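Results of the structural survey
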Amino acid sequence: METYGIVVCENDQVQLKNLHGFVNRAVWSLEDSPDSKDKTCEVVLVTTSYQEVVNYLNNTYIDSGVYFLDIDLGKADGQNGIDLAEFIKSKDLNAQIIFITAYENFAAMTYRRRIGAVDFITKTELDQKRLNEALFLAIKRIRELHTVREQTFSYKMGRRLINQNIRDILYIVTTEHSHKLKIVTLDSEGEFLGNIKKIDDENEFLEKISQSCLANPDNIVEIDLKLRTVKFKDGYIEVFPRRNSRKIEKLINKYNVKKW
């Protein structure tokens, strides 16, 4: 079950208490909803301090958190909730920002600075229904982002970040160069820096057919147990060692692969 951390930052102590209460009740409402089986939320920080949020994120890893931020945090040096949101985005790329403010004119600033906030709630609009809707939308966005991420294998070629749909990957194999891997897809080949064991550990859609090769079973056409070869779509062939024969037979049965 995924857990999403929630941070609440409001500069007025009384309003912070009220906002925290709304957020807690929104979490309970979310957990009681029919589709809550694969997600849960936890309030991890409630504060009036801009700097406390900064310190927390500098010392704690959060992926895809939800942040309720007062825009007018009253920082003496001029920094406000929008500045804090930019910092949060640098630490948590999938952060879902929900702004709370007494001033409607701040909304345009958030658009200009490309914060990508989930919602912008004025304090006159703040009620339980509004908070519930904002949290539900934030979690929906996170789930959509995670679904895309689960269907994508990302790697770097030089300075380029490649996001490859896992359905198109045939296999990943080591090369003669240390820490350099080759990825073969339905329409391309490329090389990138990586560790074959780490990729094996982190990607359940790949199956190890040898110490040097990870295969996408969905793109295997046939396996020849006598020649110890694995044939992929587009005619690519990789060889597996005799010691892996039993493991390959299990793979054949698991994925119903054609064999010879």
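Preceding block: the structure.
Conventions adopted
Residues numbered from 1 in each chain as written. Predicted model: local features only at pLDDT ≥ 70, side-chain atom pairs only at ≥ 80, totals over all residues. Heavy atoms only, no water. Core = buried A, V, L, I, M, F, W, Y, C linked by side-chain atoms within 4.5 Å. Buried < 20%, exposed > 50% of the residue type's maximum accessible area, 1.4 Å probe, protein only. Helix = DSSP H or I, 4+ residues; strand = E, 2+ residues; numbered from the N terminus. Contact = heavy atoms within 4.5 Å. Axes fitted to C-alpha atoms, helices over the stretch in contact; angles between N-to-C directions. Parallel < 35°, antiparallel > 145°, perpendicular 65-115°, else oblique. Nonpolar A, V, L, I, M, F, W, Y, C, P; charged D, E, K, R; others polar. Salt bridge = Lys/Arg side-chain N within 4 Å of Asp/Glu carboxyl O. Pairing = 2+ DSSP bridges. Arc of directions from axis to C-beta. Phe/Tyr/Trp six-rings, centres within 6.5 Å; stacked < 30°, edge-to-face > 60°.

A few words now on the nonpolar core. Ranked by internal contacts, the top residues of the largest apolar core, which has 23 residues, are Ile6, Val23, Val66, Phe68, Ile98, Leu135 and Ile139. Per element, the largest residue contribution to this core is 7 residues, and it comes from helix α1 (residues 13-31). When sequence neighbours within four positions are dropped, the list of residues in contact with Val23 reads Ile6, Val8, Val43, Phe68 and Leu131. One finds Cys9, Leu45, Leu57 and Tyr67 within the second-largest nonpolar core, a separate group that totals 19 residues.

The subject of this paragraph is the packing of helix α2 (residues 50-59) against helix α3 (residues 81-91). Interhelical geometry of α2 versus α3 gives an angle of 5° and a closest axis separation of 10 Å. Judged by the angle between their axes, α2 and α3 are roughly parallel. Where α2 approaches α3, its residues Tyr50, Val53, Val54, Leu57 and Asn58 are matched on the opposing element by Asp83, Leu84, Phe87, Ile88 and Lys91. Across the contact of α2 with α3, the residue classes break down as 7 nonpolar, 1 polar and 2 charged.

Take the pattern of salt bridges next. Opposite charge on two side chains lets them pair, provided their charged atoms get close. Taken as a whole and judged by the stated rule, the model has 11 salt bridges. Ionic pairing is found between Asp70 and Lys123, a salt bridge with its closest N-O pair at 3.8 Å. Of this pair, Asp70 sits in strand β3 (residues 66-70) while Lys123 sits in the loop between β5 (119-122) and α5 (128-150), and the two are 53 residues apart along the sequence. Residue classification places Asp70 among the buried positions, given a relative accessible area of 1%.

All right, on to the sheet that holds strand β14 (residues 229-232) then. Overall, mixed pairing links the 4 strands, which are arranged β15-β14-β13-β16 in an open sheet. Each end of this open sheet is capped by a strand with a single partner; those strands are β15 (237-239) and β16 (258-259). Taken together, the 4 bridges between strand β13 (residues 220-224) and β14 define a ladder with antiparallel strand orientation. Residue pairing for β14: Asp224 is matched across the bridge by Thr229.

Before going further, it helps to spend a moment on the sheet that holds strand β9 (residues 180-185). Spatially, β10-β9-β8-β12-β11 is the arrangement adopted by the 5 strands of the open sheet, whose pairing is antiparallel. Both outer strands of the open sheet, β10 (189-193) and β11 (207-210), are each paired with one neighbouring strand and no more. Between one strand axis and the next, the sheet turns by 25° as a mean value, whatever way the strands run. With 5 bridges connecting them, β9 and β10 associate as antiparallel partners.

A word on helix α7 (residues 245-255). Listed in full, the buried residues belonging to α7 are Ser245, Ile248, Leu251 and Ile252. End-on, the buried residues of α7 take up no more than an arc of 110°, which puts them together on one face. In α7, the exposed residues that point more than 90 degrees away from the buried face are Arg246, Lys250, Asn253 and Lys254. On its buried face, α7 sits against β11, β13 and β16. Count one or two residues on from α7 and you reach Asn256, which has phi positive near 55°.

With that settled, the discussion passes to the packing of aromatic side chains. Counting across every chain of the model gives 5 aromatic pairs. A ring pair is formed by Tyr155 and Phe192, whose centres lie 4.8 Å apart and whose planes are at 40°; its orientation type is tilted. Of this pair, Tyr155 sits in strand β6 (residues 152-157) while Phe192 sits in strand β10; the two residues are 37 residues apart in sequence, bridging distant segments of the chain. Tyr155 gets classed as buried once you look at its relative accessible area, which sits at 6%.

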